[in-house]
Amino acid sequence: MIKGFGGNQLRIDLTTGELARTPLDERFAREWLGGRSFIAKILYDEVPRDADPLGFENRLVVTPGVMSGNFAPSGSKCCFGAVSPLSNGHGDSTVGGHFGPELKFAGLDLLVFSGIAPKPVYLLIDDAKIELRDAAKYWGLGTMEAEQMLKEDLGEDFEIVAIGPAGENLIAFSCIGHDWGRQAGRCGIGAVMGSKRLKAIAVRGTGKVPIHDLKALRDSTMAIIKRTAKHPNMAPWQKYGTAMFVGWSNQHGVYPTHNFQTTYFEDYAGIDGQPLVDRILVSNKACFGCWMNCGKYSKVSLPGKPTVFVEGPEYETGSLCGGNCGFNTIEQVAYVNWLCDHVGIDTMSGGGFAAFAMECYEKGLITREQLEGHELRWGSIDDFEHFIDMIVHRRGIGEWFARGAKYAAEQIGGGAERLVAQVKGQGMSGYDGRGAPAMLLSYMTADIGAHHNRAWTITMDEDLGKTVIKGKAKVVVYLQHIRPFFDTVSCCRLFWGEVDVTAEEHIDAIKLMTGWSDFTLEEAMRLSDRIWNLNRAHYLERNGGPGRSFDYPNARFYEEAVPSGPGKGARLTMADLDVMLDEYYEARGWGKDGNPSREILADLGLADCAANLQKRGLLGELFAPLPAVRGERYKPKAF
Amino acid sequence: MTIFLKVGGMLKERVKTDVDEWTRSVETEPGRTLRQVIEELGLKTVHVAMAFVGERLISLSYVPHDGDVITLRPPVQGG
């Protein structure tokens with residue numbers, strides 16, 4: 001019996017309906033830990049390199065990690081992964097709430113879906129009773145509608161994840177919804193779920209996760225609870241959530257405005273944390289086992305629209321669906337948040353791609369005729385709603401956007417490709433990298449495409465200088481190891497990032513859960529490094545090379561200066577990007593072409609990756625000595 | 001006059017707490033703004049995303065009073 005884990009994995013062949021529940025191998029668990037690491041290994045080993053992400057051969061992998069469901073700092077997450085329809089590479093996304101812990105209580109650490117169901121189904125897991133059931137009555141429902149109906153049918157104590165019509169219609173940036181407004185949002189994993197005709201997963205678990213030393217774990221967690229309850233960062237966080245940073249982001253010239261045309265939104269005061277608290281907040285909302293309780297549950301009424309309830313808005317939605325689209329009231333942002341959640345699209349890509357379309361309309365690259373006679377104006381709820389409907393139902397140019405905005409830009413032409421804020425097809429997070437060069441480097445090099453989840457560098461950019469290009473790459477590498485570690489073990493990184501629960505304390509908790517007395521932070525960071533290189537190899541094997549050719553953003557970010565606001569004048573050049581990439585590849589032990597070297601892959605125990613890359617002519621040549629330690633912790637400042 | 005700054009996370013290392021684990025006492029002249037106080041401590045405004053007196057949100061233009069306990073909140077690391 002593996003301590004700290006549910007103990008079993010489940011393979012679901014959706015084509016044949018076969019279900020196979022088998023013990024989880026402890027060596028596999030120790031080597032890959034769980035979460036996004038399990039996903040990376042399984043995708044690399046099992047998905048053919050020419051497999052269509054929305055086709056038969058892709059895998060949908062669902063995995064709570066070792067900390068999920070255990071009495072530890074916010075062990076609440078569950079990670080979903082597949083080859084992404086946006087990037088055509090490794091994709092993973094994590095959701096909080098209660099689903100991951102419930103899987104652990106049902107004795108499960110890993111679900112691997114293969115094939116395609118002949119008709120819509122949902123998977124029922126009721127402890128050891130596991131069935132594929134007809135989902136016809138739920139097909140077509142929004143994510144929260146489906147969740148509600150399944151709870152009514154099965155029982156309130158079931159935890160549900162579900163896709164909406166966007167996932168059913170294979171929209172490339174579809175998400176998976178849970179717990180009335182949480183999402184595994186990024187990478188289009190909802191579309192993969194829809195491609196398999198899998199509407200939902202419902203789980204109820206009444207078992208216990210075996211813990212190596214429950215008393216010591218409880219004592220150490222209680223000490224952390226008492227300490228962090230008094231932390232000065234805790235109360236503001238609990239009151240305002242992440243929306244409170246909309247103002248700060250504007251004041252420091254990184255807030256995306258009107259499709260990243262500039263970085264200051266004059267009406268930002270109407271959409272940050274204060275109006276959220278004052279006007280729409282109903283209550284706070286917590287994930288399993290979390291005392292931070294930072295989620296926001298809001299009620300929104302707009303004239304002419306139904307009254308809706310929504311979780312959020314968080315900062316990313318408040319930026320990409322806020323000033324980026326020209327919405328200037330918290331009610332508008334919250335309504336747009338709800339709309340995206342309801343149909344099941346990622347608010348980040350949804351807002352970002354809609355903003356791109358708004359700029360195209362503004363510039364005459366998209367016409368009213370193409371919008372079915374409608375307009376697509378900044379700050380228009382009706383226009384936004386109609387455009388999203390076109391995408392979800394793949395009407396007209398909605399068909400282009402359904403495949404991702406990068407594809408849409410190629411179809412629109414007329415220079416549209418310069419305007420869509422993305423890397424590797426994934427829409428950028430809510431920070432403009434022209435005001436923070438290391439942030440842009442983070443977007444350029446993230447394994448899943450542009451996403452701040454892997455590395456967030458804004459204050460480091462400020463500290464070292466917003467115009468400083470050199471010397472930041474090593475810190476980006478460090479962040480790309482430490483931050484995804486929390487997605488591997490499936491706990492919320494905000495305890496580490498915001499209230500000083502150290503990475504070492506997380507390692508200690510894992511040791512108490514598992515009994516792995518020799519487990520170290522160094523081992524965990526090497527695993528992060530290994531996964532990073534595994535995902536890079538996977539991406540190159542699927543997309544060709546050189547890797548460097550995929551690591552650039554759209555041209556706006558190296559051709560245009562920020563025109564207004566506190567960030568006015570900030571700009572980067574292609575030469576700047578190349579300097580950063582060269583430093584990054586050196587820090588990674590890759591070639592100047594952005595391809596991993598034989599030496600780094602051997603060092604990480606990935607000789608099979610090296611052989612595969614060599615067969616394809618995609619191995620990189622080291623151009624500097626292989627760093628013994630990859631990444632540099634940035635001391636003594638943030639992180 | 002004396003005011004007290006409560007800080008955590010990355011701000012602790014910069015502010016050098018002296019009253020307790022989280023708190024730094026600061027002697028300052030009446031009439032100075034919070035912005036001026038924190039800049040004199042070597043902080044940049046980018047390091048302070050929000051500030052509170054009790055639960056009341058204040059701006060960096062706030063003029064502290066003697067005995068104020070002001071919580072400084074750094075920016076979240078992505079949300």
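Caption draft 1: Structural view of the packing of helix α2 (residues 35-46) of chain A against helix α19 (residues 473-489) of chain A. All names here are of chain A. Following both chains from N to C, one finds α2 and α19 inclined at 85°, their axes separated by 4 Å at the closest point. One finds that α2 runs roughly perpendicular with respect to α19. Seen from α2, the contacting residues are Gly35, Arg36 and Ser37; seen from α19, they are Pro484, Asp487, Thr488 and Val489. Here the residues of the contact of α2 with α19 are counted per class, giving two nonpolar, three polar and two charged.

Caption draft 2: Inspection of the nonpolar core at higher detail. All names here are of chain A. Among the nonpolar cores identified, the biggest contains 223 residues, and Ile171, Ala200 and Ala357 are the most heavily contacted of them. Per-element accounting of this core gives the leading share, ten residues, to α19. Those residues in contact with Ile171, other than ones at most four positions away along the chain, are Ala166, Ala191, Ile345, Ile391, Val392 and Ala402.

Caption draft 3: Expanded view of the environment of Asp66 of chain B. Residue and element names in this part refer to chain B. Along the chain, the position of Asp66 falls in the loop between β4 (56-58) and β5 (69-73). The exposure class assigned to Asp66 is exposed, which follows from the 9 C-beta atoms found within 10 Å. Considered as a pair, Asp66 and Lys44 are 22 residues apart in the sequence and their alpha carbons are 23 Å apart. Once residues lying within four places of it in the same chain are set aside, the contact partners of Asp66 are Met1 and Thr2.

Caption draft 4: The confidence of the model for chain B, seen in detail. Put simply, chain B has an average pLDDT of 88, and 95% of its residues get 70 or more. Reported confidence for the predicted complex is 0.89 by ipTM and 0.96 by pTM.

Caption draft 5: Here's a closer look at the interface of chain B and chain A. Across the boundary between the two partners, chain B contributes 21 residues, which contact 26 residues of chain A. Elements with a minimum of two residues in the side of chain B that touches chain A: α1 (10-15), β3 (50-53) and β5 of chain B. Tallied by class, the residues present in the side of chain B that touches chain A amount to ten nonpolar, seven polar and four charged.

Caption draft 6: Fine view of unusual backbone geometry. Residue and element names in this part refer to chain A. Residue Pro313 is bonded to the preceding Gly312 through a cis peptide linkage, with omega at 0°. If you trace the backbone, Pro313 turns up in the loop between β15 (308-311) and α11 (315-323). Here Gly545 and Pro546 are connected by a cis peptide whose omega angle stands at 0°. Looking at the element boundaries, Pro546 is found in the loop between α22 (521-543) and α23 (556-559). Positive phi outside glycine occurs at His258, with the angle close to 50°. Note that His258 resides in the loop between α9 (245-251) and α10 (273-280). Taking the C-beta count within 10 Å as the criterion, His258 has 17 such neighbours and is therefore assigned partly exposed. Despite not being glycine, Asn259 has its phi angle at roughly 60°, a positive value. On the secondary structure map, Asn259 appears in the loop between α9 and α10. For Asn259, a count of 26 C-beta atoms within 10 Å puts it in the buried group.

So, how was this worked out
- Residues numbered from 1 in each chain as written.
- Chains lettered and ligands numbered in written order.
- Predicted model: local features only at pLDDT ≥ 70, side-chain atom pairs only at ≥ 80, totals over all residues.
- Axes fitted to C-alpha atoms, helices over the stretch in contact; angles between N-to-C directions.
- Helix = DSSP H or I, 4+ residues; strand = E, 2+ residues; numbered from the N terminus.
- Parallel < 35°, antiparallel > 145°, perpendicular 65-115°, else oblique.
- Contact = placed C-beta atoms within 7 Å.
- Nonpolar A, V, L, I, M, F, W, Y, C, P; charged D, E, K, R; others polar.
- Core = buried A, V, L, I, M, F, W, Y, C linked by C-beta atoms within 7 Å.
- Buried ≥ 20, exposed ≤ 12 C-beta atoms within 10 Å, placed from the backbone.
- pLDDT = per-residue confidence, 0-100.

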